[in-house]
Amino acid sequence: MDRAASVVNGGGVIAFPTETVYGVGVRADLPSAVQRLRELKQRADSKPFTVHLAEREGVHAYVPILPALGRRLVRKGWPGPVTLLFRVPDPSEAPALQGRDPTLRSALYQGEEIGLRCPDHEVARRLLAGISGPVVATSANRAGRPPACTAAEVLTELGEGIDLVLDAGPAEFGEASTVVRVGENGYEVVREGVYDARTLRRLASLTFLFVCTGNTCRSPMAAGMFRRMLARRLGCAVSDLEERFVAVHSAGTSAGAGSKATPEAVDVMQRRNVDLADHRATRLSPELINVADRIYVMTTSHAETVTALVPSAQAKTRLLSDEGEIDDPIGGTVSVYESCALRIEKALTIRLEEIEL
């Protein structure tokens, strides 16, 4: 690995494995190396290559202001087989360009856009971490040819144009990364690849699940209030949350499917402009648990039920309130429900502060 990094730092061209296909890369701040890569790939000077990162946190050096959707895709999609295209209105403000040769900008950005990738391959990430400057790379093949998936195919495709090949066996997927253009509130698939539309939707979405027993009071109250809090934070209407790729669900460990919210819950929520009149109870299921990014439960027994259904969900499941369990108000007066709602509301305010949207 030291030898490989030395080759790149010296201006060389290297081929290396990723989980998708083999890539070929150079130091972006060495114009002669970038030119060699262009000639090797037969790529026009106006078209930049993809910046490759050792860690997802490296995105901030190139994209100073990430939209919420971009932060979510970076956090959930990297390391992984997805290339993200970001608009940067003023690339000169990017930390990666500060104090650097002006020619670096054209090697990284195409106008106001930059493509970034953080591969999920130990060899690639170790290599990138050992290189002293920004690295741009592309698939290891000639224009119009299928990408190389083994070191042998790299040599067949590019031969003498490569200074060193890191051979880590066949690429896991043998298919190019999915390329996604990220906007403020949405995304566009520029090139289909390893991730399909359903996977991208899951990566782009942030899903919250609130769990109680019957799903007729505590969890629907929590979900309703939380939707309003999220909408205020995102500056949109509650009805627009889905378009912002944010979803809030509730379920009960012993829910009777189709049961209505209790009249008392409907009453105390109306005072908060939350409508539970159309709520119908949903029973907790592995499907709901698996799709959720964060699960908030009212009691420890609810948490135990969640992890009994899906053991791997333990890491994303926690009590809603740091002050302890929130008791079931079922059968109580409106005053009891109001006290319960206040506890939930207080806990939600704290949880919202912890969340990176």
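Residues numbered from 1 in each chain as written. Predicted model: local features only at pLDDT ≥ 70, side-chain atom pairs only at ≥ 80, totals over all residues. Heavy atoms only, no water.

Caption draft 1: The arrangement of the pattern of salt bridges in detail. Counted by the stated rule, this structure contains 22 salt bridges. Close ionic contact of Glu19 with Arg117 constitutes a salt bridge, the shortest N to O distance being 2.8 Å. In this pair, Glu19 sits in the loop between strand E1 (14-17) and strand E2 (22-27) while Arg117 sits in strand E6 (residues 113-117), placing the two residues 98 residues apart along the sequence. A relative accessible area of 1% means that Glu19 is categorised as buried. By relative accessible area, Arg117 is classed as buried at 3%. (Salt bridge = Lys/Arg side-chain N within 4 Å of Asp/Glu carboxyl O. Helix = DSSP H or I, 4+ residues; strand = E, 2+ residues; numbered from the N terminus. Buried < 20%, exposed > 50% of the residue type's maximum accessible area, 1.4 Å probe, protein only.)

Caption draft 2: Spotlight on the pairing of strand E11 (residues 206-212). Of all seven residues in E11, seven are buried, a share of seventy percent or more. Residue alternation in E11 divides its side chains into two sets, Leu206, Phe208, Phe210 and Cys212 and Thr207, Leu209 and Val211, and both sets are buried. Here E11 runs beside strand E12 (residues 246-252); their pairing, made up of seven bridges, is parallel. By the bridge assignment for E12, Leu206 is matched with Val246. One crossover worth recording links E11 to the parallel E12 by way of helix H8 (residues 218-234), and it is right-handed. The sheet contact formed by E11 and strand E13 (residues 294-297) spans four bridges and is parallel. Within E13, the residue paired with Leu209 across the bridge is Ile295. (Pairing = 2+ DSSP bridges. Right-handed = clockwise from strand over helix to strand, strands pointing away.)

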